[in-house]
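# Observations on the three-dimensional arrangement
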Amino acid sequence: MALNMSIDQNKNDKTEKVLWIELGITGMRCASCVARLEKQLSEIEGINDVAVNLPAETVSIQYDSIIINPSDFINAIHNLGYKVKTDKLLFQVEGMHCASCVSRVKSAFEKNPHILTSEVNLVTQEAILEVIPGSATLKDIQNGLASVGDYRIRHMHAEHSVSRNGIYDQNDAKQLKKRLRIGIPLSSLILILSKLHIIPGIPEIPERILHPLLFFLTLPVIFWAGQSFFTGAYKQLRRLTADMNTLVAMGTGTAFLYSGFVTWFPDCIKDAGADLHVYYDTSAMIIALILLGRFLEARARHRTSGAIQKLMHLQPKFARVVHNDHIEELPIHQIRKGQILRIQPGESVPVDGVIIRGMTAIDESMMTGESLPAEKGVGDSVIGGTLNTTGSFDMEAKNIGEFTMLSRIIRLVRKAQSSKAPIQRVADRVAAIFVPAVMAVALLTFMIWILFAPGFAFTQAMLRFIAVLIIACPCALGLATPTAIIVGSGIGAENGILIKGGAVLESIHHVDTVVFDKTGTLTQNQPAVTQMQSRPGVSDNWLMILAASAEQHSEHPLAKAIVKYARDLSLVLEPVTKFKSHPGFGIEAKWGNHILMVGNPNFFSQYDINIKPFQETMRHWKNLEHSIVMVALDQEVQGVLAITDSLRPEAKKVVHSIRKKGLTTVLLTGDRNAVAQQIGRILEIDRIYSELLPEQKAKVIRELQQEGRKIAMIGDGINDAPALAAADVSISMGSGTDQAIEVSHITLIKNNLWNVVRAIRLSEKTLRVIKQNLFWAFFYNIIGIPVAAGALYPLWGILLKPVFAAAAMSLSSVSVIMNALRLKRISKSIFKEGS
């Protein structure tokens, strides 16, 4: 717990504010670490005193907050090789409408000295803050936000954030729909009444009647349907800031106020030599169209998070606990580790665990993307949220609550969806100054038209002023990146590919070298029969029948590999008796009147069995680090088997697919060079490094990077963690273990190498959509604002009406979201097997 106490060192010195803070530190090993920390921190300007407690792993720092912020000396601690313990908090942020809002909220967080980093997402209306534990209070954060705008913040738990975000979008859409039910009919009526004079056969309504009627019809559209724009603009004005609401309020308010002046003071307008034109239809239709755009945006935004909401709904609300004499149904939050749970067919597995009774088939498609149910029996692990399709079984609860794989996946995906790609930084910088810049352009446009427009210049200048304000759209800038990241990461999560964020998507685009670890990545990490040699007159199938028949009662991993291979060939095994195991050597059993022996060469040497005909073959296999198993019938060798960690069946096609994209492939392994070279030849890998320790693998990665290469490293996240950490992009094969998820940028839950290719392709397509969205957002504003200002008028006499500007602005935001949702359709081809 951090302590944050203010100490008045000198009441006469108003420029000094001394504070104490206590930080948790990891990485300290001895007294020299303590001395080093105290010495280095004490030399930093603004730090008055440092006290390091090695047993408690804490450092207490007295500092002058006028001179230095906690983030400054935390960075100094990191640079010394130690890590400061921090918390990551998830908040719901209400009141954000555009990219300018995001920029303003983020700037408020950055001013708080106890907030180290912040990620703000317009689409999910969420913020992830990295804070010093115990130092930043909700009240402090809220006060900071209140200083920059009408934003409200609520602390969320990761498990609740998805559903809350969905509720927020739906409530937002409901409120907008309610206002549209008034706004659209009234705006349509106002438009029709305003254009009666152009409809043949319809008598005109006198202006002294029509204008007041339009005034009163427009009032509810402006001040009820469009209330949020004006209240939002007023709150920003009180803080001397501006946002999207300011632009809309200024534009529609100007049209309404001018029209009201014409309605109630027509003589003043006539004296100025102008016609009595009113623009109630302009202000009303602008409000209606922008509300419609926001409604469609809220609906589309809700769809973007559909994948993560599906994950949220996978976990059941209740589970049945098996007691000695009865079964009790309990809420899921009351389940405890070690309890026995019963799962019936058609029910979801409530938590992670291990089957202790029964057999079944589990549908894991929402976790791994695997369409076929996985057969499960006693001793097999099951994942919370997966669906039990056939048999009933009992399981022991292992991981519960926030520690289940489902909860970890949701947290990871939420973090990814709240992140930004580096390419978004340009848009963020533009968004920070966008609204003030647009207001300046609108005023400049007004002045130019006042000076140079023909006829009654004021009305034309006013209409151009309104059009510029309305057509400008910071919303598209703010939605361009997060919508694509949310959809892309959601698609990946549905198919067992967990992508950590926008920066990963961009990094993959620059990768030119793909590095594979061998064991557990290119291989299946389980023994399998790969080669065999029989004596003359003995078929390979008969050799396998003899070996598997003898080994069928053994629990040894090599025995299981032999039996599996025989069953894969659909061979019928012979019954054996008097099974006897010789640990470390082999087994023997009786088959009818015959003696079967299966074991290593040393086992056969003990019985003086002649193995010379196979010695050359065994020597070659031994150099390749194969396990050698000999088979004898009545003390005569029938043949020899090579058992090794077999290559994944898809490995060669996956490597070929990666090389076809123009990427260099590299193999890293701790195995002997002969083994590595053989695998390299089979898979046609470009560069091979063998006999490496985990630290040496990381060194190879750094050497490749020094050549100017951008590296994607693929491993199992266990013994190759240093290499994964060193790579530009790290991809972990495995079952989503904590270690794999922690160390990798991309985690593949399903053990299928094709998911490496799919992850790369999904990232490429997502980044392409991000670029398209950013291009459209910039292009729209770069073209739209000058057109609205009247840039086309001098040459072609073209002027953009403010109503059309409102329609264009609304469609720009919706189009960005719809383009992101297009990923769902174009990504289907990625997840075809072998594609």
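None of these values were measured; they are calculated from a predicted model. (Residues numbered from 1 in each chain as written. Predicted model: local features only at pLDDT ≥ 70, side-chain atom pairs only at ≥ 80, totals over all residues. Heavy atoms only, no water.)

### Notes on the overall build of the protein
A tally of helices and strands in the protein yields 30 helices and 31 strands. Expressed as lengths along the three principal axes of its C-alpha atoms, the size of the protein is roughly 125 × 80 × 65 Å. Evaluated residue by residue, the protein yields a buried proportion of 51% over its 835 residues. Residue pairs at least 24 apart in sequence account for 69% of intrachain contacts in the protein once pairs closer than 6 positions are excluded. In the protein, which carries 86 positive and 75 negative side-chain charges, the distance between the mean positions of the two groups comes to 5 Å. (Helix = DSSP H or I, 4+ residues; strand = E, 2+ residues; numbered from the N terminus. Buried < 20%, exposed > 50% of the residue type's maximum accessible area, 1.4 Å probe, protein only. Contact = heavy atoms within 4.5 Å. Lys, Arg positive; Asp, Glu negative; His and termini not counted. Charge placed at Lys NZ, Arg CZ, Asp CG, Glu CD.)

### A closer look at the packing of helix H7 (residues 227-238) against helix H8 (residues 244-264)
In a packed pair of helices, the relevant descriptors are the angle between the two axes and the axis-to-axis distance. Here H7 crosses H8 at 115°, and the two axes come no closer than 8 Å. The interaxial crossing formed by H7 with H8 has left-handed handedness. Across the interface between the two elements, Ser228, Phe229, Phe230, Gly232, Ala233 and Gln236 of H7 pack against Asn245, Thr246, Val248, Ala249, Thr252 and Gly253 of H8. Grouping the constituent residues of the contact of H7 with H8 by class yields 5 nonpolar, 7 polar and no charged. (Axes fitted to C-alpha atoms, helices over the stretch in contact; angles between N-to-C directions. Left-handed = near helix turned anticlockwise from the far one by under 90°. Nonpolar A, V, L, I, M, F, W, Y, C, P; charged D, E, K, R; others polar.)

### Topic: the pattern of salt bridges
For the structure on display, the rule yields 20 salt bridges. For lysine 398, the salt bridge is made with glutamate 396, and the minimal N-O distance between the two is 3.5 Å. Using a relative accessible area of 25% as the deciding quantity, one classes glutamate 396 as partly exposed. (Salt bridge = Lys/Arg side-chain N within 4 Å of Asp/Glu carboxyl O.)

### Considering the sheet that holds strand E17 (residues 387-388)
The strand order across the open sheet built from 3 strands is E15-E14-E17, with neighbouring strands paired in antiparallel fashion. Since the sheet does not close on itself, it has two edges, and those belong to strand E15 (374-376) and E17, each with one partner. Relative to E15, strand E14 (residues 360-363) is paired through 3 bridges, and the arrangement is antiparallel. Looking at the pairing, alanine 361 lines up with glutamate 375 of E15. (Pairing = 2+ DSSP bridges.)

### A look at the packing of H8 against helix H14 (residues 425-452)
Across the interface, H8 lies against H14 with an axial gap of 9 Å and an inter-helix angle of 20°. Taken together, the axes of H8 and H14 lie roughly parallel to each other. Where H8 approaches H14, its residues Met244, Thr246, Leu247 and Met250 are matched on the opposing element by Val435, Val438 and Met439. In the contact of H8 with H14, the residues fall into 6 nonpolar, 1 polar and no charged. (Parallel < 35°, antiparallel > 145°, perpendicular 65-115°, else oblique.)

### Observations regarding a positive patch on the surface
Taken together, Lys177, Arg181, Arg299, Arg303 and Lys824 make up a surface patch of like positive charges. Those elements that place two or more of their residues in the positive patch are helix H5 (158-194) and helix H10 (280-304). As for its position among the elements, arginine 181 is in helix H5. (Patch = residues over 30% accessible without salt bridge, like charges linked within 9 Å, V, L, I, M, F, W, Y side chains within 5 Å. Areas by Shrake-Rupley, 256 points an atom, 1.4 Å probe, with all protein chains shown as cover.)

### Some thoughts on the sheet that holds strand E22 (residues 577-582)
Read from one edge to the other, the open sheet built from 6 strands follows the order E21-E26-E25-E24-E23-E22, with strand pairing classed as antiparallel. Either end of the sheet is taken by a strand with one partner, and the two such strands are strand E21 (523-534) and E22. Within this sheet the neighbouring strands show an average axis-to-axis angle of 20°, counted without direction. Bridge count between E21 and strand E26 (residues 636-647): 8 bridges; the pairing is antiparallel.

### Some details on the pairing of E14
Pairing of E14 with E17 involves 2 bridges; the strand directions are antiparallel. Along E17, the bridge assignment pairs isoleucine 362 with asparagine 388.

### Describing the pairing of E22
Judged from the 4 bridges that link them, E22 and strand E23 (residues 586-591) form a sheet pairing that is antiparallel. The residue bridging histidine 582 from the neighbouring strand is glycine 586, located in E23.

### A few points about the confidence of the model for the protein
Taken residue by residue, the protein gives an average pLDDT of 84. The fraction at 70 or more is 91%. Overall, residues 1-15 carries pLDDT values under 50, and its contacts beyond four positions in sequence, including any with other chains, amount to 30 contacts. When the criterion is pLDDT under 50, residues 158-168 qualifies, and its contacts beyond four places in sequence or with other chains add up to 35 contacts. (pLDDT = per-residue confidence, 0-100.)

### Brief notes about the packing of aromatic side chains
Throughout the structure, instances matching the rule amount to 20 aromatic pairs. Plain terms: the ring middles of phenylalanine 215 and tryptophan 264 are 5.5 Å apart, the flat faces sit at 85° to each other, and that makes the pair edge-to-face. Within this pair, whereas phenylalanine 215 is found in helix H6 (residues 207-225), its partner tryptophan 264 is found in helix H8, the two being separated by 49 residues in sequence. Residue class for phenylalanine 215 comes out buried when judged on its relative accessible area of 15%. Summarising the aromatic geometry, the rings of phenylalanine 256 and tyrosine 280 are spaced 5.9 Å apart at their centres and angled 65° between planes, so their arrangement reads as edge-to-face. Residue phenylalanine 256 is found in helix H8, and its partner tyrosine 280 is found in helix H10; the two are separated by 24 residues along the sequence. Take phenylalanine 256 and tyrosine 280: they sit in the same class, and that class is buried. Taken together, the aromatic side chains of Phe215, Phe216, Phe223, Phe230, Phe256, Trp264 and Tyr280 make up a single cluster linked through ring pairs. For the cation-ring pair, arginine 179 lies above tryptophan 224, with the distance from its terminal atom to the ring centre recorded as 4.9 Å. (Phe/Tyr/Trp six-rings, centres within 6.5 Å; stacked < 30°, edge-to-face > 60°. Lys NZ or Arg CZ within 6 Å of the ring centre and 35° of its normal.)

### Considerations on helix H25 (residues 694-706)
The end-to-end C-alpha distance of H25 is 19 Å, a good match for the 18 Å that 13 residues give at a rise of 1.5 Å each. Residues of H25 that are buried include every one of Lys697, Ala698, Val700, Ile701 and Leu704, and no others. The buried residues of H25 occupy an angular sector of 155° when the element is viewed end-on, so they sit on one face. Seen from the open side of H25, the exposed residues pointing more than 90 degrees away from its buried face are Glu695 and Gln706. Taken together, the buried residues of H25 touch strand E20 (513-517), strand E27 (664-668), strand E28 (687-689), strand E29 (711-715) and helix H26 (721-726). A positive backbone phi angle near 95° is found at glycine 708, which sits one or two residues after H25. (Expected span 1.5 Å × (residues − 1). Arc of directions from axis to C-beta.)

### Quick notes on unusual backbone geometry
At serine 570, a residue that is not glycine, the phi angle is positive and equals roughly 60°. Looking at the element boundaries, serine 570 is found in the loop between helix H20 (557-568) and E22. Since its relative accessible area comes to 63%, serine 570 is described here as exposed. Residue lysine 578 is not a glycine yet carries a positive backbone phi of 50°.

### What about a nonpolar patch on the surface?
A cluster of nonpolar side chains, namely Leu443, Leu444, Met447, Ile448, Ile450, Leu451, Phe452 and Phe458, defines an oily patch on the protein surface of about 800 Å² accessible area. Here the element with the most residues in the nonpolar patch is H14; it accounts for 7 residues. Mapped onto the elements, leucine 451 comes out in helix H14.

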